[in-house]
Amino acid sequence: MKIEELGIQGVHLVRPQVFDDPRGAFLELFVGHRLSAQTGRPMDVAQVNCSVSRHGTIRGIHLTATPPGEAKYVTCVSGSIIDVVVDVRTGSPTYGASLAIPLDDTQHHALYIAEGLGHGFAAVSDTAVVTYLCDNTYTPGQTISINPLDPQLALPWPDLDDIVLSDKDRTAPTLAQAEALGILPHYTTPHTPARPAGQRPALHK
């Protein structure tokens with residue numbers, strides 16, 4: 001299992017080793033102590049969520065207010081998605097920047113997303129099944145939504161003929177509006193362990 005921090009602090013790409021044989025394949029999708037050692041953050045799983053989305057669906061951008069905050073470990077167990085992470089932490093050196101990372105059921109990569117970061121994805125296969133390991137349970141009234149089509153953010157979504165959004169996401173505030181409302185988390189500098197060298201997805205500003 002290889003773990004590397006990407007261009008936004010608190011976002012790590014996990015590449016598990018896949019063992020193939022005539023029966024199929026086996027992999028360790030999540031190893032808590034390895035993840036914590038690499039990220040410098042504990043990841044005690046409190047809830048596991050699963051979503052099923054049809055092609056063209058965009059879910060997000062979502063996060064949980066801090067406190068309590070919520071870190072996520074996201075993988076696509078069936079189909080394929082483009083996962084998007086946005087730094088919405090005021091005061092962050094990468095505030096407003098985003099990453100787009102493909103996740104699918106072939107490479108079995110996963111993303112660790114620290115609390116305070118916005119997250120969403122677009123389903124690019126006919127159907128995509130996504131699981132989220134969360135270090136906190138759902139807290140009513142603490143969810144923050146940012147409009148995924150905010151023109152100022154210009155998030156790197158894939159080209160989709162027909163975008164499917166929930167009413168909540170379609171009417172969510174832009175990042176600037178959310179900042180004006182004072183609902184965004186503030187950046188704090190965590191311990192940052194050494195990260196291995198490797199190619200990282202482009203950072204979008």
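Please refer to the structure higher up on the page.
Residues numbered from 1 in each chain as written. Predicted model: local features only at pLDDT ≥ 70, side-chain atom pairs only at ≥ 80, totals over all residues. Heavy atoms only, no water.

Participant: I keep staring at the sheet that holds strand β10 (residues 110–113) and nothing clicks. Help me out?
Facilitator: Across a sheet, strands are paired by hydrogen bonds formed along the backbone, either parallel or antiparallel in direction. Here we have 6 strands laid out as an open sheet, ordered β1-β2-β10-β7-β12-β5, and antiparallel in their pairing. Of all strands in the sheet, those bounded by a partner on one side alone are β1 (2–5) and β5 (47–54). Sheet twist, expressed as the average angle between the axes of neighbouring strands with direction ignored, equals 20°. (Pairing = 2+ DSSP bridges. Helix = DSSP H or I, 4+ residues; strand = E, 2+ residues; numbered from the N terminus. Axes fitted to C-alpha atoms, helices over the stretch in contact; angles between N-to-C directions.)

Participant: Got a minute to help me understand the pairing of β1 in this structure?
Facilitator: On a regular strand, each side chain points to the face opposite its neighbour's, so the side chains alternate between the two faces of the sheet. Strand direction decides the pairing type here: β1 and strand β2 (residues 11–15), joined by 4 bridges, are antiparallel. The residue of β2 that forms the bridge with E5 is H12.

Participant: In this structure, what is going on with the environment of L160? I would like to understand it.
Facilitator: Inspection of the secondary structure puts L160 in the loop between β13 (143–145) and α2 (167–170). What makes L160 buried here is its relative accessible area of 15%. Placed 103 residues apart in sequence, L160 and T57 show a C-alpha to C-alpha distance of 9.0 Å. With residues near it in sequence (within four places) discarded, L160 still touches H55, G56, I58, A122, A123 and V124. (Buried < 20%, exposed > 50% of the residue type's maximum accessible area, 1.4 Å probe, protein only. Contact = heavy atoms within 4.5 Å.)

Participant: For this particular structure, what's the right way to read the sheet that holds strand β11 (residues 117–123)?
Facilitator: As summarised here, the arrangement of the 5 strands in space is β9-β8-β11-β6-β13, forming an open sheet in which the pairing is antiparallel. The open sheet terminates on both sides in strands that have one partner only, identified here as β9 (98–104) and β13. Taking the axes of each pair of neighbouring strands and ignoring which way they run, one obtains an average angle of 25° across the sheet. Relative to β13, strand β6 (residues 58–64) is paired through 3 bridges, and the arrangement is antiparallel. Bridged to H62 within β13 is S145.

Participant: Quick question: what am I supposed to make of helix α1 (residues 32–39) here?
Facilitator: Turn by turn, an α-helix covers 3.6 residues, leaving residues three or four places apart pointing in a common direction. Within α1, burial applies to L35, Q38 and T39. The buried side chains of α1 occupy one side of the element, clustering within an arc of 90° when seen end-on. Of the exposed residues in α1, the ones pointing more than 90 degrees away from its buried face are H33 and A37. On its buried face, α1 is in contact with β1, β2, β7 (72–78) and β10. Phi turns positive, to about 75°, at G40, one or two residues after α1. (Arc of directions from axis to C-beta.)

Participant: Help me understand the pattern of salt bridges, please; the structure alone is not making it clear to me.
Facilitator: As enumerated under the stated definition, the model contains 6 salt bridges in all. The partner of R34 in a salt bridge is E28, and the shortest N-O contact between them spans 3.4 Å. When its relative accessible area of 37% is taken as the criterion, R34 is described as partly exposed. According to the relative accessible area criterion, E28 is partly exposed, its value standing at 39%. The closest approach of N and O atoms between R41 and E115, which form a salt bridge, is 3.3 Å. Here E115 lies in the loop between β10 and β11 and R41 lies in the loop between α1 and β5, a separation of 74 residues in the sequence. (Salt bridge = Lys/Arg side-chain N within 4 Å of Asp/Glu carboxyl O.)

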